[in-house]
Amino acid sequence: MKEPIVRLPSLPALALALLFAAGPATAQESATAPVERLNTALLDVMQNAEALGYEGRVERLAPQLEDVFDFATMARITLGRHWRDLKPPQQEAFTEAFTDFSVAVFADRFDGFSGERFEILGEQPARRGAVLVRNQIVKSDGEAVPINYLARPGKGGESWQLVDILLDAKYSELATRRSEYSGIVKNQGIDALIAALKDKTAGYAAP
């Protein structure tokens, strides 16, 4: 029996349209490849979290995360219709702030090791050639926490990049951020959102 097509009702229609604008999958590697690299990188910083400290985790994770995630696309999706109203320098500034914040969140979340392991459970086709990679972190007591990723072919079509995280297998981080960011941009402007992201990123580094 074929696995069902994955639907993501929590992600708005416009975001889906942007997300899958690249068309059908053509990447040569498996969609699980970036998740495998990500899991390896996360396990490494978890096992060395105390020695690395927060800044060390950021430094080690940043190049790995920027390799496996398409932060530019994710940044565009989170702003939705507001994106096209921005000038190129504003788009670049937001993408940079969004990327730095995303790395900071990972460095903060994965700050210790207690015998956890990651498991990739397989792939499911999503809309327009995207793929949902089913993944979980298994705690030392055996409890499994789903952390799924949505992947699509990257630039050049030879590899995959991740474009969303589904915590507990259902809560889209992009949809959550889009909802939060839209109100800030509408009421205060893009500069206020960029400043807020920079403040949050700096807050993770604070003692």
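Residues numbered from 1 in each chain as written. Predicted model: local features only at pLDDT ≥ 70, side-chain atom pairs only at ≥ 80, totals over all residues. Heavy atoms only, no water.

A. Examining the packing of aromatic side chains more closely. The tally for this structure, following the rule as stated, stands at nine aromatic pairs. Here the aromatic rings of phenylalanine 106 and phenylalanine 110 are separated by 5.9 Å at their centres, their planes lie at 15 degrees, and the arrangement is stacked. Taken individually, phenylalanine 106 and phenylalanine 110 each receive the classification buried, so the pair is uniform in this respect. (Phe/Tyr/Trp six-rings, centres within 6.5 Å; stacked < 30°, edge-to-face > 60°. Buried < 20%, exposed > 50% of the residue type's maximum accessible area, 1.4 Å probe, protein only.)

B. Here's a closer look at the pairing of strand β3 (residues 144-153). The element β3 is extensively covered by neighbouring structure, given that seven of its ten residues are classed as buried. Hairpin connection from strand β2 (residues 131-138) to β3: five residues lie between these consecutive antiparallel strands, with glycine 142 at a positive phi of about 95 degrees. Where β3 and strand β4 (residues 160-167) come together, seven bridges link them in antiparallel fashion. Across the sheet, the residue bridging to proline 153 is tryptophan 160, located in β4. (Helix = DSSP H or I, 4+ residues; strand = E, 2+ residues; numbered from the N terminus. Pairing = 2+ DSSP bridges.)

C. Up close: the pairing of β2. For β2, the buried fraction is high: seven of the eight residues fall into the buried class. Alignment of strand β1 (residues 117-125) against β2, held across eight bridges, turns out to be antiparallel. Counted as the bridge partner of arginine 117 is valine 138 from β2. Between β1 and β2, which pair antiparallel one after the other, the connecting turn spans five residues, and arginine 128 there sits at a positive phi close to 50 degrees. By the bridge criterion, six bridges tie β2 to β3 in an arrangement that is antiparallel.

D. Summary view of helix α3 (residues 49-68). End to end, α3 covers just 21 Å across 20 residues, shorter than the expected 28 Å (1.5 Å per residue, more than 12% under). In the structure, α3 departs most strongly from a straight axis at glutamate 55, where the bend amounts to approximately 80 degrees. For α3, the complete set of buried residues consists of Ala49, Tyr54, Gly56, Arg57, Leu61, Ala62, Leu65 and Val68. For α3, the secondary structure elements touched by its buried residues are α2 (33-47), α4 (71-79), α5 (88-109), β4 and α7 (190-205). (Expected span 1.5 Å × (residues − 1). Bend = angle between axes of the 7 residues up to and from the residue. Contact = heavy atoms within 4.5 Å.)

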